[in-house]
Amino acid sequence: MKELAEVLQPGPAEALSSLLDVEMPDLDRDGLPLLWHWFYLLDRPAQADLGPDGHPIRATIPAPPEPGRRRMWAGGRVRTLAPLRCGLPAVRRTEVLSVQEKQGRTGRLTFVVTGHKIVQDGRVVVEEEQDIVYRDAASGQAVSATEEPEVPVADGEWAIDVSPTLLFRFSALTYNAHRIHYDRDYARDVEGYPGLLTHGPLQALAMAEAARRQGIGGELSFDYRLVSPLFDHQGLIVRAEAGVGETVTTVRDRHGRRTATGTVRR
């Protein structure tokens, strides 16, 4: 188990609000919105502990199962039990909950579930499980992206301009050095991607924010899944549809291809 502790300050929340042009929450009244804890209690590994892809390979949880494996964020589950407030100390406890080996179409896959608990004022206020997938190294040959006709942004959808600048700033705000998000040459020539990869957490956060725009707040649970890679030139369009006791959220690219799904429950 690994523990990180800090006194939470409003700065990261203010930076995120400016980055995505979303409403700044009333931190004194409501605390941090759903998923905004991702910008606090961050791992800050030594430069010497980073691998060639920019991810830490030592002194981190989870650690890569072996050298050269590629890391992808596949989804997760988050439950907020009480407001997480700025101005107070908080502790994040992290551990590996499970490891499972599978054989996929592209080769070996290692599924790792990492658990986090954030404690503030003597009680657990956030419980989280993150699903991480490690796969074998790519051939390095860039994969061409087949594009369908564009689907216009509809009423109730929110389009985010996914520029290299946005991806770089999001990486900086989360202290994420994974090169697939900002180094186009590396993404193309080493990992075989047709563009910069849009962060899985950015897509999940967009879904949570789309739900917040509809007035969803308080103690919530959020299950989300990344179902297909999303690249910078493909855009990011998010929708939230309220139902009985839950809000279903989705992310698609500008051509209508779905890349993430999630459900927010009260």
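Quick notes on the rules
- Residues numbered from 1 in each chain as written.
- Predicted model: local features only at pLDDT ≥ 70, side-chain atom pairs only at ≥ 80, totals over all residues.
- Heavy atoms only, no water.
- Salt bridge = Lys/Arg side-chain N within 4 Å of Asp/Glu carboxyl O.
- Helix = DSSP H or I, 4+ residues; strand = E, 2+ residues; numbered from the N terminus.
- Buried < 20%, exposed > 50% of the residue type's maximum accessible area, 1.4 Å probe, protein only.
- Polar contact = N/O pair within 3.5 Å; in protein donor to acceptor, adjacent residues only side chain to side chain.
- Contact = heavy atoms within 4.5 Å.
- Core = buried A, V, L, I, M, F, W, Y, C linked by side-chain atoms within 4.5 Å.
- Phe/Tyr/Trp six-rings, centres within 6.5 Å; stacked < 30°, edge-to-face > 60°.
- Lys NZ or Arg CZ within 6 Å of the ring centre and 35° of its normal.
- Pairing = 2+ DSSP bridges.
- Arc of directions from axis to C-beta.

A. Representation of the pattern of salt bridges within the structure. Under the criterion given, the structure shown has 24 salt bridges. The closest approach of N and O atoms between Asp43 and Lys2, which form a salt bridge, is 2.9 Å. On the criterion of sequence distance, the pair formed by Asp43 in the loop between helix H2 (27-30) and strand E2 (70-80) and Lys2 in strand E1 (residues 2-7) is long-range, its members being 41 residues apart. Here Arg108 and Glu66 are joined by a salt bridge, their closest N and O atoms 3.2 Å apart. With Arg108 in strand E4 (residues 107-120) and Glu66 in the loop between H2 and E2, this pair connects stretches of sequence that are 42 residues apart. Since its relative accessible area comes to 32%, Arg108 is described here as partly exposed. For Glu66, a relative accessible area of 33% gives the class partly exposed. Within the structure, one salt-bridge network assembled from shared partners comprises Glu66, Arg69, Arg108 and Asp136.

B. Here's a closer look at the side chain of Thr259. Along the chain, the position of Thr259 falls in strand E10 (residues 258-265). Note on Thr259: relative accessible area 0%, which makes it buried. One polar contact links Thr259 to Gln203, side chain to side chain, over a distance of 2.8 Å. Apart from residues lying up to four places away in sequence, Thr259 is in contact with Gln203, Arg225, Leu226, Val227, Ser228, Pro229, Leu230, Val251 and Arg252.

C. Spatial organisation of the nonpolar core. Counting 51 residues, the largest nonpolar core has Leu32, Leu35, Phe222 and Leu236 as its most contacted members. Counting residues per element, this core draws most heavily on helix H5 (residues 200-212), at eight residues. Setting aside residues up to four positions removed in sequence, Leu236 forms contacts with Trp158, Ala159, Ile160, Val162, Thr198, Leu202, Gln203, Ala206, Leu230, Val251 and Arg252. One finds Ile180, Tyr186, Ala187 and Phe231 within the second-largest nonpolar core, a separate group that totals six residues.

D. How the structure looks around the environment of Leu167. Structurally, the position occupied by Leu167 is in helix H3 (residues 164-173). If near-sequence neighbours (up to four positions away) are discounted, Leu167 is found in contact with Val162, His181, Leu196, Leu197, Thr198, His199, Leu202 and Asp232.

E. Examining the packing of aromatic side chains more closely. Counted by the stated rule, this structure contains six aromatic pairs. With a centroid separation of 5.6 Å and 50° between ring planes, the pair formed by Tyr193 and Phe231 is classed as tilted. Taken together, the positions of Tyr193 in the loop between helix H4 (184-189) and H5 and Phe231 in the loop between strand E7 (221-226) and strand E8 (236-242) put the pair 38 residues apart, joining distant regions of the chain. Taken as a pair, Tyr193 and Phe231 share a single burial class, namely buried. Taken together, the aromatic side chains of Trp38, Trp73, Phe222 and Tyr224 make up a single cluster linked through ring pairs. Residue placement shows Arg44 over the ring face of Tyr175; its charged tip is 5.7 Å from the ring centre. Against the face of Phe111 rests Lys102, its NZ or CZ located 5.2 Å from the ring centre.

F. Quick look at the side chain of Asp49. The residue Asp49 is located in the loop between H2 and E2 in this model. Within polar-contact distance, the side chain of Asp49 engages the side chain of Arg58 at 3.1 Å. The residues touching Asp49, leaving out its near neighbours within four places in the chain, are His55, Pro56, Ile57, Arg58 and Ala59.

G. Layout of the pairing of strand E5 (residues 123-135). The sheet contact formed by E2 and E5 spans 10 bridges and is antiparallel. Bridge assignment links Val78 to a residue of E5, and that residue is Glu128. Sheet analysis places E4 next to E5, joined by 12 bridges and oriented antiparallel. Along E5, the bridge assignment pairs Val119 with Val124. Hairpin connection from E4 to E5: two residues lie between these consecutive antiparallel strands, with Asp121 at a positive phi of about 55°.

H. Layout of helix H1 (residues 11-20). Looking only at H1, the buried set comprises Ala13, Leu16, Ser17, Leu19 and Leu20. Projected down its long axis, H1 shows its buried positions confined to an angular sector of 165°, all on one face. Where H1 is buried, its residues meet H2, strand E6 (157-160), H3 and H5. The first or second residue beyond H1 is Asp21, which carries a positive phi of 55°.

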